[in-house]
Amino acid sequence: MKIVSLSASEILDSRGLPTVEVSLGLDRVTARASVPSGKSTGKAEALELRDGDKKRYGGKGVLKAVEAVNGTIARALVGKELPSQAELDRILIELDGTPTKSHLGANAIVGVSIAAARSRALIEGTPLYASLGGAEATLLPVPCFNVINGGAHAPNDLDFQEFMLAPAGRRTYAEALRAGSEVYHALAAVLSSKGLSSAVGDEGGFAPAIKHPTEALDLLMRAIERSGYRAGEDIFIAIDPAASGFFTDGRYVFAGESHDAAEMSAMYAAWLREYPILSIEDGLAEDDVAGWRLLTRDLGKRVQIVGDDIFVSNPGKIAAAIKEGTANAVLLKPNQIGTVTEISEAARVARAGGFRMMMSHRSGETDDSFVADLAVALRTGQIKSGAPARGERVAKYNQLLRIERELGTRARYAGRGAFAGA
Ligand code: PGA
Ligand code: ZN
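Residues numbered from 1 in each chain as written. Chains lettered and ligands numbered in written order. Predicted model: local features only at pLDDT ≥ 70, side-chain atom pairs only at ≥ 80, totals over all residues. Heavy atoms only, no water.

(A) Broad picture of the site of ligand 1. Ligand 1 sits among 15 residues. The nearest are Lys-39, His-153, Arg-362, Ser-363 and Lys-384. Here an oxygen atom of ligand 1 and a backbone polar atom of Lys-39 are 2.7 Å apart. The protein chains hide 100% of the 280 Å² of surface that ligand 1 would expose on its own. (Near = heavy atom within 4 Å. Polar contact = N/O pair within 3.5 Å; in protein donor to acceptor, adjacent residues only side chain to side chain. Areas by Shrake-Rupley, 256 points an atom, 1.4 Å probe, with all protein chains shown as cover.)

(B) A look at the pairing of strand β11 (residues 277–281). Of all 5 residues in β11, 5 are buried; the element is thus mostly enclosed. Summarising the sheet, strand β7 (residues 236–240) and β11 pair through 3 bridges and their orientation is parallel. Across the sheet, the residue bridging to Ile-239 is Ile-280, located in β11. As judged from the 3 bridges shared by β11 and strand β12 (residues 304–307), these two strands associate in the parallel manner. Within the sheet, the bridge partner assigned to Glu-281 lies in β12 and is Val-306. Tracing the backbone out of β11, into helix α8 (residues 289–299) and back to the parallel element β12 gives a crossover that is right-handed. (Buried < 20%, exposed > 50% of the residue type's maximum accessible area, 1.4 Å probe, protein only. Helix = DSSP H or I, 4+ residues; strand = E, 2+ residues; numbered from the N terminus. Pairing = 2+ DSSP bridges. Right-handed = clockwise from strand over helix to strand, strands pointing away.)

(C) Spotlight on the environment of Asp-282. Its location among the elements puts Asp-282 in the loop between β11 and α8. Note: C-alpha distance between Asp-282 and Ile-305 (23 residues apart in sequence) is 7.7 Å. Engagement of the side chain of Asp-282 in a polar contact is seen with the backbone nitrogen of Asp-309, the distance being 3.0 Å.

(D) Geometry of the sheet that holds β11. Strand order around the closed barrel formed by 8 strands is β5-β6-β7-β11-β12-β13-β14-β15, with mixed pairing between neighbours. In this sheet, adjacent strand axes meet at a mean angle of 25° when their direction is disregarded. The pairing of strand β14 (residues 356–360) with strand β15 (residues 382–384) spans 2 bridges and is classified as parallel. For Ser-360, the partnering residue across the bridge sits in β15 and is Lys-384. (Axes fitted to C-alpha atoms, helices over the stretch in contact; angles between N-to-C directions.)

(E) Examining the pattern of salt bridges more closely. Per the stated rule, a full pass over the model turns up 30 salt bridges. A salt bridge links Lys-43 to Asp-287, with the nearest nitrogen and oxygen atoms 2.4 Å apart. Linking Lys-43 in the loop between β3 (30–34) and α1 (63–77) with Asp-287 in the loop between β11 and α8, this pair joins segments that are 244 residues apart in sequence. When its relative accessible area of 61% is taken as the criterion, Lys-43 is described as exposed. Across the pair Lys-55 and Asp-53 runs a salt bridge, and its minimum N-O distance is 3.9 Å. Asp-53 gets classed as partly exposed once you look at its relative accessible area, which sits at 29%. Counted as one network, the salt bridges with shared partners bring together Arg-170, Glu-175, Arg-178, Glu-182, Arg-230, Glu-233 and Asp-234. (Salt bridge = Lys/Arg side-chain N within 4 Å of Asp/Glu carboxyl O.)

(F) Fine view of the coordination of the zinc ion (ligand 2). At the metal site, the zinc ion (ligand 2) is ligated by Asp-240 (OD), Glu-281 (OE) and Asp-308 (OD), and these contacts range over 2.0 to 2.2 Å. Mapped onto the polypeptide sequence, the residues donating to the zinc ion (ligand 2) form the spacing pattern D-x40-E-x26-D. With Asp-240 in strand β7 and Asp-308 in the loop between β12 and α9 (315–324), the pair connects residues that are 68 residues apart, well separated along the chain. For Asp-240, a relative accessible area of 1% translates into the label buried. (Donors = N, O, S within 2.8 Å, 3.2 Å for Na, K, Ca; no water.)

(G) Region of the structure containing the packing of helix α2 (residues 85–96) against helix α11 (residues 340–352). Running from amino to carboxyl end, α2 crosses α11 at an angle of 115°, the nearest separation of the two axes being 8 Å. Judged by the angle between their axes, α2 and α11 are roughly perpendicular. Contacts between α2 and α11 involve Gln-85, Ala-86, Asp-89 and Ile-93 on the former and, on the latter, Val-340, Thr-341 and Glu-342. Residue composition of the contact of α2 with α11, grouped by class: 3 nonpolar, 2 polar and 2 charged. (Parallel < 35°, antiparallel > 145°, perpendicular 65-115°, else oblique. Contact = heavy atoms within 4.5 Å. Nonpolar A, V, L, I, M, F, W, Y, C, P; charged D, E, K, R; others polar.)

(H) Examining the pairing of β12 more closely. Going residue by residue along β12, you find Gln-304 and Val-306 tucked away on one face and Ile-305 and Gly-307 tucked away on the opposite face as well. Sheet topology places β12 next to strand β13 (residues 329–332); 2 bridges connect them, and they run parallel. Bridged to Gly-307 within β13 is Val-330. Each parallel crossover has a hand, and the one from β12 via α9 to β13 is right-handed.

Written as structure tokens, this is what we have:
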């Protein structure tokens with residue numbers, strides 16, 4: 001099957017900022033992919049190419065990345081047979097020629113990589129998750145709903161970035177989604193009863209004027225209780241403090257407190273006794289590797305310790321972390337590394353080393369639901385895609401509903417056992 005067309009254009013993401021959309025045409029099918037964008041990014045992420053032309057979109061235009069697709073990449077691929085995913089991604093990496101994909105832009109490259117994966121599924125007449133994951137792709141991930149937003153994703157004074165509901169104790173994905181929605185609405189009512197705003201942050205979670213992380217945890221507990229679910233049985237809590245964002249001069253500074261890594265670890269340990277927390281992502285800063293080892297040694301048997309900024313979905317970094325005992329799980333974001341092959345390799349390395357995995361959207365999103373299919377394909381057992389509200393967030397959650405329905409009796413819900421420390 002020949003690639004007959006390949007083009008990109010500039011569209012808007014959920015924050016109203018430009019991003020790349022790629023269209024790849026084969027003989028009878030055309031596949032599209034659009035690219036997400038992070039705001040609290042790890043330092044070693046693949047490079048998101050932005051124009052820097054202050055006269056357009058405040059410098060955030062992506063015409064250079066668009067041109068990379070329409071020029072260099074299209075010239076190399078159009079008219080050729082659609083290669084295997086591994087071969088296609090190898091060509092993209094070679095055309096770019098830099099370790100961080102800074103020449104063509106990771107936003108250009110990941111868009112082409114995903115569009116190609118989707119076009120292959122279309123010509124096979126196979127669902128995307130099955131095309132990527134084969135017959136084993138039957139595991140529905142536990143959705144982690146980010147219902148209170150802080151940090152870089154909201155204008156409130158809450159320094160911790162994400163407070164998530166993980167309905168790991170429900171029996172099916174559909175029941176988990178329902179629980180997420182019901183508790184989300186119960187949380188709105190709890191906020192309103194306390195005179196707090198239910199306006200939302202970048203990922204659709206509420207962004208009330210609270211400051212201390214335990215205020216957010218208490219609000220979640222109230223909402224779970226109000227909705228009639230059992231905290232610690234039906235629904236658990238996952239957090240992403242995104243601690244790189246409040247790490248200054250070797251100290252963690254938030255809500256008027258200042259701690260070192262050992263004190264942070266003791267604080268999290270105390271929270272584990274009080275709240276049904278099953279996952280802590282970026283509980284410490286990406287530069288505090290010694291702190292990560294201490295945290296993993298202290299708490300890694302009892303709770304999932306997920307690396308996001310610190311591993312940036314990089315297979316090499318994940319392999320090193322497995323050897324050194326830094327964390328026990330990894331967040332997977334395709335645009336952090338830049339190709340479908342590399343994110344699949346990251347998952348392979350993580351699984352082989354006993355790390356658990358959470359698939360992830362970005363805070364800037366589009367209606368592209370690729371990560372939903374990828375979570376099933378890579379059998380991650382967990383996914384986070386923001387609140388159970390807002391079009392770009394529910395695009396992923398709804399796609400998982402379709403997949404569960406389509407799999408029928410073959411579908412399995414990952415549940416509590418998907419998390420490290422369970
Ligand atoms: P980002 O953050 O998408 O804004 O980079 C998400 C996260 O830290 O998990
Ligand atoms: Zn994170």
